[in-house]
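Remarks on the overall topology
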Amino acid sequence: MDKSVNQPTTVILRLDKWLWACRFYKTRALAKDMIEGGKVHYNGQRCKASRTVEVGATIKLTQGTDERTVIVQALSEKRLAAPLAQALYQETEESMKLKLERAELRKMNLLFAPHPETKPDKKMRRQLLLIKAQQS
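Residues numbered from 1 in each chain as written. Predicted model: local features only at pLDDT ≥ 70, side-chain atom pairs only at ≥ 80, totals over all residues. Heavy atoms only, no water.

Side note on the pattern of salt bridges
- Across all of its chains, the model carries 7 salt bridges by this definition.
- Put simply, Asp-16 and Arg-14 hold a salt bridge, and the shortest N to O gap is 3.1 Å.
- Asp-66 is the partner of Arg-106 in a salt bridge, and the nearest nitrogen-oxygen pair spans 3.3 Å. Here Asp-66 lies in strand E4 (residues 66-72) and Arg-106 lies in helix H5 (residues 93-112), a separation of 40 residues in the sequence.
- One network of salt bridges, with partners in common, ties together Arg-14, Asp-16 and Arg-28. (Salt bridge = Lys/Arg side-chain N within 4 Å of Asp/Glu carboxyl O. Helix = DSSP H or I, 4+ residues; strand = E, 2+ residues; numbered from the N terminus.)

In C-alpha cells:
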C-alpha cells in the first residue's frame, strides 16, 4: 500500500500555531493567550485558539501597541525564518498605512518628552517632586 494515497492533501492548522509560525508571537502559549484575550479576530469575529486557519481568511491581531490586519496566503506547521514567514501572509494597505502613522506619532511624542541622558540625582528628584506637588 502506498502511504501517500492515505494522507490528506490539505493541511489542517490551528490558529495559534499559524500565528506562532508566522512570527507574530514568540510562543504558542502567548499566541493562545492573545486569542483568548480577544486580541485576535478571525474574519471579523472572536475565536478560539483551536480555530482552523484557511487560505484567504482575514486575521486582525494586536502586536504590542500596533494593530495589524493580514490575509492568509499559505499555511505552515513549522516556524520559519522571518523572510519565509512573511510569505505566509499579506498585510492590507490600510493596516500598513495605520502602522506608519502610529510609528510617526510615537516619534513625535519622543520629541516632546525626551528621556534624560542620566538618572536624576537626589537634588533633581526633590525638585521634580516639588514641581509635581505644585501642579496637583
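This is not the end of the story, as more comes after the structure.
Quick notes on a positive patch on the surface
- Together, Lys-119, Lys-122, Arg-125 and Arg-126 make up a region of like positive charge exposed at the surface.
- Note that Lys-122 resides in helix H6 (residues 122-135).
- For Lys-122, a relative accessible area of 53% corresponds to the exposed category. (Patch = residues over 30% accessible without salt bridge, like charges linked within 9 Å, V, L, I, M, F, W, Y side chains within 5 Å. Areas by Shrake-Rupley, 256 points an atom, 1.4 Å probe, with all protein chains shown as cover. Lys, Arg positive; Asp, Glu negative; His and termini not counted. Charge placed at Lys NZ, Arg CZ, Asp CG, Glu CD. Buried < 20%, exposed > 50% of the residue type's maximum accessible area, 1.4 Å probe, protein only.)

What to know about the packing of aromatic side chains
- Applying the stated criterion across every chain, the model contains 2 aromatic pairs.
- Geometrically, the ring pair formed by Trp-18 and Phe-24 is tilted, given 6.1 Å between the ring centres and 45° between the ring planes.
- Here Phe-24 and Tyr-89 contribute two aromatic rings whose centre-to-centre distance is 4.7 Å and whose plane-to-plane angle is 45°, an arrangement assigned as tilted. Linking Phe-24 in the loop between helix H2 (15-21) and helix H3 (28-36) with Tyr-89 in strand E5 (residues 89-91), this pair joins segments that are 65 residues apart in sequence.
- Following the ring pairs from residue to residue traces out a cluster consisting of Trp-18, Phe-24 and Tyr-89. (Phe/Tyr/Trp six-rings, centres within 6.5 Å; stacked < 30°, edge-to-face > 60°.)

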